[in-house]
Amino acid sequence: EPEVTQTPSHQVTQMGQEVILRCVPISNHLYFYWYRQILGQKVEFLVSFYNNEISEKSEIFDDQFSVERPDGSNFTLKIRSTKLEDSAMYFCASRADQYYEQYFGPGTRLTVT
Amino acid sequence: GDSVTQMEGPVTLSEEAFLTINCTYTATGYPSLFWYVQYPGEGLQLLLKATKADDKGSNKGFEATYRKETTSFHLEKGSVQVSDSAVYFCALARNTGGFKTIFGAGTRLFVKA
């Protein structure tokens, strides 16, 4: 069964450093998403991406964040200058179209020290 | 804006007990509704879904019915097992815009042998 994959599974970085979280969505899907979950809290929407552009973003997704689909298979989330409060589990998701559910990846745990 | 409210946990039950986790939503239009499960240290797994009013989603003994009149999507299981111990998230997906998923806060379930 096709699945969304994410790398790395765990990333440790120092405050102020840039990080790139990588995702490979399911191959025929058209909509791509990033969510985050701070430890013990709810899953929060960050951004949705369709047709090579951002279709919606949350208040969390400020100028420190960016997304890219550089090569037609990968979907990346970049945090330009990490802060302690960026420590969270980041989930990538994809969906085929608006009539189908999202499929989530296993997540990348980001720890900012 | 759209939102999901679910009962606070943790919920502690003995094996073979009946489970109900309440979930209500606020949304414009006609969202799709989901229950996701997160086992310790793992990602989000879709448990069941319902895409229109009066639909019943079911999987692995869990059920939930999309009730438009009460804007609810309560999760039930007739006989829980220790292996059902996890965090359960109620969620809705809007059928407009970027089709993002909005999650409830999650309910932690502990099942004792």
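Everything that follows concerns the structure shown earlier in this document.
Residues numbered from 1 in each chain as written. Chains lettered and ligands numbered in written order. Predicted model: local features only at pLDDT ≥ 70, side-chain atom pairs only at ≥ 80, totals over all residues. Heavy atoms only, no water.

Focus: the packing of aromatic side chains
Then, number 1: Within this structure, the stated rule accounts for 17 aromatic pairs over all chains.
Then, number 2: An angle of 70° between the planes, with centres 5.8 Å apart, marks the rings of Tyr35 of chain A and Phe45 of chain A as edge-to-face. You can see Tyr35 of chain A sitting in strand 4 (residues 31–37) and its partner Phe45 of chain A sitting in strand 5 (residues 43–50), a full 10 residues away along the chain. Accessibility classification places Tyr35 of chain A together with Phe45 of chain A in one group, the buried group.
Then, number 3: Ring geometry for Phe89 of chain B and Phe103 of chain B: centres 6.2 Å apart, planes at 90°, overall edge-to-face. Of this pair, Phe89 of chain B sits in strand 10 (residues 86–93) while Phe103 of chain B sits in strand 11 (residues 101–103), and the two are 14 residues apart along the sequence.
Then, number 4: On the basis of relative accessible area, Phe89 of chain B is assigned to the buried category, the value being 1%.
Then, number 5: Ring pairing ties together the aromatic residues Tyr33, Tyr35, Phe45 and Phe104 of chain A together with Phe34, Tyr36, Phe89 and Phe103 of chain B, which thus form one cluster. (Phe/Tyr/Trp six-rings, centres within 6.5 Å; stacked < 30°, edge-to-face > 60°. Helix = DSSP H or I, 4+ residues; strand = E, 2+ residues; numbered from the N terminus. Buried < 20%, exposed > 50% of the residue type's maximum accessible area, 1.4 Å probe, protein only.)

Comments concerning the pattern of salt bridges
Then, number 1: Overall, the coordinates contain five salt bridges over all chains when judged by the stated rule.
Then, number 2: Its salt-bridge partner being Lys100 of chain B, residue Glu56 of chain A comes within 3.1 Å of it at the nearest N-O pair. Taken together, the residues Glu56 of chain A in strand 6 (residues 53–57) and Lys100 of chain B in the loop between strand 10 and strand 11 connect one chain to another.
Then, number 3: Residue Glu56 of chain A is classed as buried on the basis of its relative accessible area, which comes to 18%.
Then, number 4: Since its relative accessible area comes to 16%, Lys100 of chain B is described here as buried.
Then, number 5: Residue Lys77 of chain B is joined to Asp84 of chain B by a salt bridge in which the shortest nitrogen-to-oxygen separation is 2.7 Å. (Salt bridge = Lys/Arg side-chain N within 4 Å of Asp/Glu carboxyl O.)

Topic: the state of the cysteines
Then, number 1: Summed over the entire model, instances satisfying the criterion amount to two disulfides over all chains.
Then, number 2: Shown here is the disulfide that connects Cys23 of chain A with Cys92 of chain A, its sulfur atoms set 1.9 Å apart. A torsion of -65° about the S-S bond marks the disulfide between Cys23 of chain A and Cys92 of chain A as left-handed. Within this pair, whereas Cys23 of chain A is found in strand 3 (residues 19–24), its partner Cys92 of chain A is found in strand 9 (residues 88–95), the two being separated by 69 residues in sequence.
Then, number 3: Under the relative-accessibility criterion, Cys92 of chain A is labelled buried at 0%.
Then, number 4: Note on cysteine connectivity: Cys23 of chain B is disulfide-linked to Cys90 of chain B, with sulfurs 1.9 Å apart. Handedness here is read from the sign of the S-S torsion; for Cys23 of chain B and Cys90 of chain B, about -70°, the answer is left-handed. (Disulfide = S-S within 2.5 Å.)

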